[in-house]
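# Descriptive structure summary
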Amino acid sequence: MLRDGRWLPWRDRVSARTLDREPEAEQRIYDGRKTLLLQLDDIRVGDVLEYAYTVNGWNPVYAGRQFGGFSLDYGSPVARIHNRLVWPTGRDVVVRASPGTPEPRRSVGGGQQELVWDASDVPAVQREDHTPSWFDPWSEVRWTEFRDWGDVARWGAPLYQPPAKLSPSLRAEVDRIAGAYAAPAERAAAALRLAQEQVRYLSISMGTGSHAPRAPDRVFAQRFGDCKDKSLLTVSLMRALGLQANVALVHTEMREKLADALPSAGVFDHAIVQAVVDGKTYWLDPTQPPQRAPLDRIAPADFGQALVLSPQTTGLTRMETGDAAIFRRRIAVVFDLAKGPGHRAGFEVTTRYEGLAAERMRNGSFSENLPEYASKALKYYANYTRLAGIKPLAPLAWQDDEQANVVTTHERYDIDDPWERDKHGAPSKAGLPSPEMVDLLRKPEIALRKQPLSFGRGEELIMRVEERVPASWTPMEKDSDVRTFQAQAFSYLREFRMEGHSVHLTQTFRSKSDHVPVDQLAAHAKTLDQAADWIGHDLSWDLQDRSRSGGSGSLGKGILALVGMLALWIGAYHGSNWLSRRRLDASLARNAAANSASPHAPAHRSPETPST
């Protein structure tokens, strides 16, 4: 202890306790971590405490291979950071520092090599909000004794080798699946479902269990396991069924950037399955809630890059998942204004969730509590002034087609008279918003931003809006228009058509990237602004017939007034951001929490967040 310019011994004034806290026990993860609690007496304002500790040992699962790293800066300023890396001469160690890191001081002697990084007055480095999961602004040094990714695969392949003979209970399951299904794809899907349905998630990741899976026979007998256990069980079943399958390691946050990492056994945080069926590669996650659709309709695991644990592996494999990994929604909206001004209007919403979107809705247990979900949906729309007075006309309907992997919801409401009046009290326009599309095209804060902006990857929304006008109106002449907006991270297509007594608007949003680079932020924001000007629309009332209608605001012979080249002029409306994806954070070292429970997928909106 440094007090009043003097160093004082303080060790005898410290009481120490070791606590078995298991910080992730609520996520059903037990890794044996301990907490050392030091209680210090007589600590005063102005005292400076110096402490040191040593951690000895190495997990034997790595077979003597060393790897690791340390930081060169932090989220707070540091007066001095001193890092020293020492290893015996003759060991082949690869060391890599972040770009721009000053060269270390090097020395060799006494049978050792030494690298020293020493820095003073190191400023704080902050991570801005809404950066992609893989972005890391901090500098670091990493080292490894693994030569390449093939070397890592050869280390891991023996750990994940299926047993030569299955237990009688597992063999019975293999026979059952083989008897029930003839097609390879059906057998693969059945093996996956067995691991998902019959083995609950629980991780006991102590010692070598941090990376080495337990025997499939034991996992099935105990009916619990983590990502490693469930993946090896699935692979064992598939191989016993004559299918080609391997365990693969991924990083749920680094994703594609895993290819830039220094190869080591410690860089991964999740285990999945790669299966090749009828010549097609499938990436499957046994820790997901049951996926009961046919194999080609199951939402695949999608983490960018994977290391397939096979002796033949020489590098990482890019996970090509195509459209199957897209979060796709199709929303059909009907505004029924047939009764005209002075009357409430109909408002119906039918949403079709496909593939990944369907699984997230299904896993969110919304179908088990439809009244609560319907209440949230109602609140979501009630936040829009253009949907004032919204009231449900029927209970929310839910339809789940597990074989097609499609969930469909249907909502029926009516809203207050949407027609606004001019200063004479005559109807002028009816504002009809597209809330879900507004949520996707909301402009972010980019002023002074210096780091990439996260963007919703792999998402598609096709929104079709039909507006039904009164039959007494003069039929509209056929007309159409198409607008396209392209940015680095997304595209927005707007297709307009009117004919007879209906107006049709189709809007299609597709995300193309999980982030916006810093040099593209201004262009991204500009395109968002341009696209937002075309979201939603106002039906305009033709005031030229006001005298014939006596200015009463009754329907009379009113027709749609052309605004610009179309019968619509476009206004942007603001909603609330609905998307809050829950990230899978499974860890091979700590088997992180998200694998422990069924992911609570977001609904297509967040009613709790008020709109502007």
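Structure's up top.
Summarised in this report is the structure supplied together with it. Along each chain, the written sequence defines residue order, and numbers are assigned to residues from 1. Under the rules for a predicted model, residues below a pLDDT of 70 receive no local features and side-chain atom pairs below 80 are neither given nor counted, while totals for whole chains, interfaces and linings still include all residues. Where side-chain values are given, they derive from all heavy atoms of the structure, hydrogens and water being excluded.

Let us now look at the overall build of the chain. Looking only at helices and strands, the chain features 9 helices and 34 strands. Across the 612 residues that make up the chain, the buried fraction comes to 49%. Only the protein chains shown count as covering a residue, and every accessible area follows the Shrake-Rupley method with a 1.4 Å probe. Carbon and sulfur atoms provide 49% of the accessible area of the chain, an area that totals close to 29,700 Å². Numbering goes from the N terminus for both helices and strands, where a helix is a DSSP run of H or I of at least four residues and a strand is a run of E of at least two. The classification of residues rests on relative accessible area computed with a 1.4 Å probe and restricted to protein chains. Under 20% of the type maximum is buried, over 50% is exposed, and intermediate values are partly exposed.

This paragraph deals with unusual backbone geometry. Even without a glycine there, the phi angle at R223 is positive, about 60°. Within the secondary structure layout, R223 lies in the loop between helix 4 (216–222) and strand 14 (224–225).

Quick look at a nonpolar patch on the surface now. On the surface, L49, Y51, Y53 and V55 cluster together to form a nonpolar patch covering roughly 550 Å² of accessible area. Along the chain, Y51 falls in the loop between strand 5 (35–40) and strand 6 (67–71). Overall, the relative accessible area of 63% leaves Y51 in the exposed class. Like-charged residues within 9 Å of one another, or nonpolar side chains (Val, Leu, Ile, Met, Phe, Trp, Tyr) within 5 Å, are grouped into patches, provided each residue has over 30% relative accessible area and no salt bridge. In the sections that follow, a salt bridge refers to a side-chain nitrogen of Lys or Arg positioned within 4 Å of a carboxyl oxygen of Asp or Glu.

DSSP bridges decide pairing: two strands pair if at least two such bridges lie between them. Judged by pairing direction, the sheet is antiparallel, and its 3 strands sit side by side in the order 7-10-9 without closing on themselves. Looking along the sheet, the strands with just one partner apiece sit at the ends: strand 7 (78–88) and strand 9 (105–109). Neighbouring strand axes in the sheet, compared pairwise and without regard to direction, differ in orientation by 15° on average. In this sheet, strand 10 (residues 112–122) lies alongside strand 9 in antiparallel orientation, the contact comprising 5 bridges. Bridging from a neighbouring strand, V108 pairs with Q113 of strand 10. Here an axis means a line fitted to C-alpha atoms, over the contact stretch when the element is a helix, while the angle between two N-to-C directions is reported on a 0 to 180 degree scale.

What follows covers the packing of helix 2 (residues 168–180) against helix 3 (residues 184–198). At their nearest, the axes of helix 2 and helix 3 sit 9 Å apart, and the two run at 135° to each other. The angle between the axes of helix 2 and helix 3 places the two elements in the oblique class. The handedness of the crossing between helix 2 and helix 3 is right-handed. Of the residues in helix 3, those touching helix 2 at E173, R176, I177 and A178 are R187, A190, A191, L194 and Q198. Residues are grouped as follows: nonpolar covers Ala, Val, Leu, Ile, Met, Phe, Trp, Tyr, Cys and Pro; charged covers Asp, Glu, Lys and Arg; every other residue, Gly included, is treated as polar. Looking at the contact of helix 2 with helix 3 residue by residue, the classes come out as 5 nonpolar, 1 polar and 3 charged. Working rule for angles: under 35 degrees goes down as roughly parallel, over 145 as roughly antiparallel, 65 to 115 as roughly perpendicular, anything else as oblique. The handedness criterion is simple: a crossing whose near helix is rotated anticlockwise from the far helix by less than a right angle is left-handed, and one whose near helix is rotated clockwise is right-handed. What makes two residues a contact is simply this: any of their non-hydrogen atoms within 4.5 Å.

As a further point, take the pattern of salt bridges. Going through the model one piece at a time under the given rule, you end up with 40 salt bridges. Among the salt bridges present, the one from R510 reaches E460, with a minimum N-O distance of 2.6 Å. Of the two residues, R510 is situated in strand 31 (residues 502–511) and E460 in strand 28 (residues 459–468); the sequence distance between them amounts to 50 residues. Since its relative accessible area comes to 5%, E460 is described here as buried. Through salt bridges with shared partners, a single network forms among R3, R13, D42, R44 and D47.

Here we come to the pairing of strand 26 (residues 427–432). Most of strand 26 is tucked away, with 6 of its 6 residues classed as buried. With 3 bridges connecting them, strand 25 (residues 419–421) and strand 26 associate as antiparallel partners. Each residue of the ladder has a partner; that of R421, found in strand 26, is P427. Hairpin connection of strand 25 to strand 26: 5 residues between the antiparallel strands, including G425 at a positive phi of 85°. Direction of pairing for strand 26 relative to strand 33 (residues 537–540): antiparallel, over a ladder of 4 bridges. Bridging from a neighbouring strand, A430 pairs with L539 of strand 33.

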